[in-house]
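# Notes for the structure review
Here is what each chain is made of, one letter per residue.
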Amino acid sequence: MIIAVDGPAASGKGTLSKRLARHLGYAHLDTGKIYRAVGQQVLLSGGDPSDPIAATRAARSLTPDALENPALTTDTVAAAASKVAAIDAVRAQLLTFQQDFAANPPNGLAGAVLDGRDIGTVVCPDAKIKLFVDANVEIRAERRYKELLDRGEEIIYSRVLQDLQDRDDRDKNRKVAPLRAAPEAFVLDTSVLNAEDAFRAALAFIESDHSDK
Ligand code: CDP
């Protein structure tokens, strides 16, 4: 059983995915972390995240422990992630790992929830359940701003908003695997839903979709 959850930055897809996975007893993969780890690796080696050679080299040498690095959460790393993510060879390199995780969830779990930008469209086009989580950009910026403040980062709201808009632009307009909802995805607009309501709505959809088939 595969649940694909896509959506733009800070839309609430991570929170929702974790919660669904916990509730259903499935594994969870935050695929954004993989792109963040590649972006961070390029920054650490002094390279340019938009450089296909540097980015592909970083993607090839990625190890699972790199995904656990707490430094992946910063906005600088997020911007680098969305630059490496626009490179075809980087995405191709990371595809098998994601598909393997979905097909064979760790610890023999019965299903997997993957969240990202292209899970329902490219990584797992046959996923039984596809969700697309969206929210208005100012609301997303407000959430990300609070998150970063809570982590002790020194930031200003207008910068967070600008970073999100730049990233949305790159993610939606890139040639390879652009951010978009699969036509059959269930769209959840979290501008008007809190985390609990989004979880309830997603679960109701999953349960109704199951009983239909
Ligand atoms: O946490 P947030 O929603 O801000 O971002 P993320 O999910 O950690 O993803 C960071 C960046 O990785 C995104 O802006 C995308 O450019 C890229 N990404 C992608 O291209 N495809 C995915 N499946 C996941 C992330």
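Higher on the page you've got the structure.
This is a predicted model, so every value here is computed, not measured. (Residues numbered from 1 in each chain as written. Predicted model: local features only at pLDDT ≥ 70, side-chain atom pairs only at ≥ 80, totals over all residues. Heavy atoms only, no water.)

Here the focus is the sheet that holds strand β5 (residues 186-189). An order of β2-β3-β1-β4-β5 is seen for the five strands of this open sheet, with the pairing classed as parallel. Either end of the sheet is taken by a strand with one partner, and the two such strands are β2 (27-30) and β5. Between one strand axis and the next, the sheet turns through 20° on average, direction left out of account. Summarising the sheet, strand β1 (residues 2-6) and strand β3 (residues 112-116) pair through five bridges and their orientation is parallel. Residue pairing across strands places I3 opposite V113, the latter belonging to β3. Strands in contact with helix α1 (residues 13-24) are β1, β2, β3, β4 (129-134) and β5; relative to β3, the strand with the most contacts, it is inclined by about 180°. (Pairing = 2+ DSSP bridges. Helix = DSSP H or I, 4+ residues; strand = E, 2+ residues; numbered from the N terminus. Axes fitted to C-alpha atoms, helices over the stretch in contact; angles between N-to-C directions. Contact = heavy atoms within 4.5 Å.)

The next thing to look at is the site of the ligand. The environment of the ligand is formed by 18 residues, the closest being K13, R36, R91, R144 and D171. Contact between the ligand and R36: an oxygen atom at 2.6 Å from a side-chain N or O atom of the residue. D171 is positioned such that a nitrogen or oxygen atom in its side chain is 2.6 Å from an oxygen atom of the ligand. For the ligand, whose unbound accessible area comes to 530 Å², protein coverage reaches 95%. Taken atom by atom, the bulk of the ligand overlaps the largest pocket. Contributions of two or more residues to the shell around the ligand are made by α2 (31-44), α4 (75-84) and α8 (157-173). When residues of the shell around the ligand are assigned to their parent elements, the largest contribution, four residues, is made by α2. Its residues assigned to classes, the shell around the ligand shows five nonpolar, four polar and nine charged. (Near = heavy atom within 4 Å. Polar contact = N/O pair within 3.5 Å; in protein donor to acceptor, adjacent residues only side chain to side chain. Areas by Shrake-Rupley, 256 points an atom, 1.4 Å probe, with all protein chains shown as cover. 1 Å grid on protein atoms, 1.4 Å probe; cavity = no way out; pocket = protein on both sides within 12 Å on 5 of 7 lines; lining within 4 Å. Sits in = over half its atoms within 2 Å of the grid points. Nonpolar A, V, L, I, M, F, W, Y, C, P; charged D, E, K, R; others polar.)

If you trace the backbone, I156 turns up in the loop between α7 (137-150) and α8. C-alpha of I156 to C-alpha of Y145: the two residues are eleven residues apart in sequence and 7.5 Å apart in space.

Further remarks concern the layout of surface pockets. A volume near 920 Å³ is recorded for the largest pocket. A10, K13, G14, D30 and R144 are, among the 44 residues lining the largest pocket, the residues nearest its centre. Those elements that place two or more of their residues in the lining of the largest pocket are α1, α2, α4, β3, α7, α8 and α9 (195-212). Here the lining of the largest pocket gets six residues from one element, more than from any other, and that element is α1. Tallied by class, the residues present in the lining of the largest pocket amount to 14 nonpolar, twelve polar and 18 charged. Counted as a void, the second largest pocket has a volume near 230 Å³. The greatest single-element share of the lining of the second largest pocket, amounting to three residues, is contributed by β2. Each residue belonging to the lining of the second largest pocket can be placed in one class, and the counts come to five nonpolar, one polar and four charged. (Points joined across faces, edges and corners; volume = space filled by probe spheres on them.)

All right, on to α4 then. Counting buried residues along α4, seven of its ten residues qualify, which places the element largely inside the surrounding structure. Considered for burial, the residues of α4 that qualify are D75, V77, A78, A80, A81, S82 and V84. On the buried face of α4, the contacting elements are α2, α3 (52-60), α5 (88-103), α7 and α8. (Buried < 20%, exposed > 50% of the residue type's maximum accessible area, 1.4 Å probe, protein only.)

This next bit is on the nonpolar core. Core analysis: the largest hydrophobic core is formed by 29 residues, its most contacted members being V38, V90, L94, L114 and C124. Put simply, the parts of the chain that give this core at least two residues each are β2, α2, α3, α4, α5, β3 and α6 (119-123). Of all the elements, α2 adds the most residues to this core, at five residues. Judged by nonpolar contacts, the second largest core, of 16 residues, contains V5, L131, V133 and A202. (Core = buried A, V, L, I, M, F, W, Y, C linked by side-chain atoms within 4.5 Å.)

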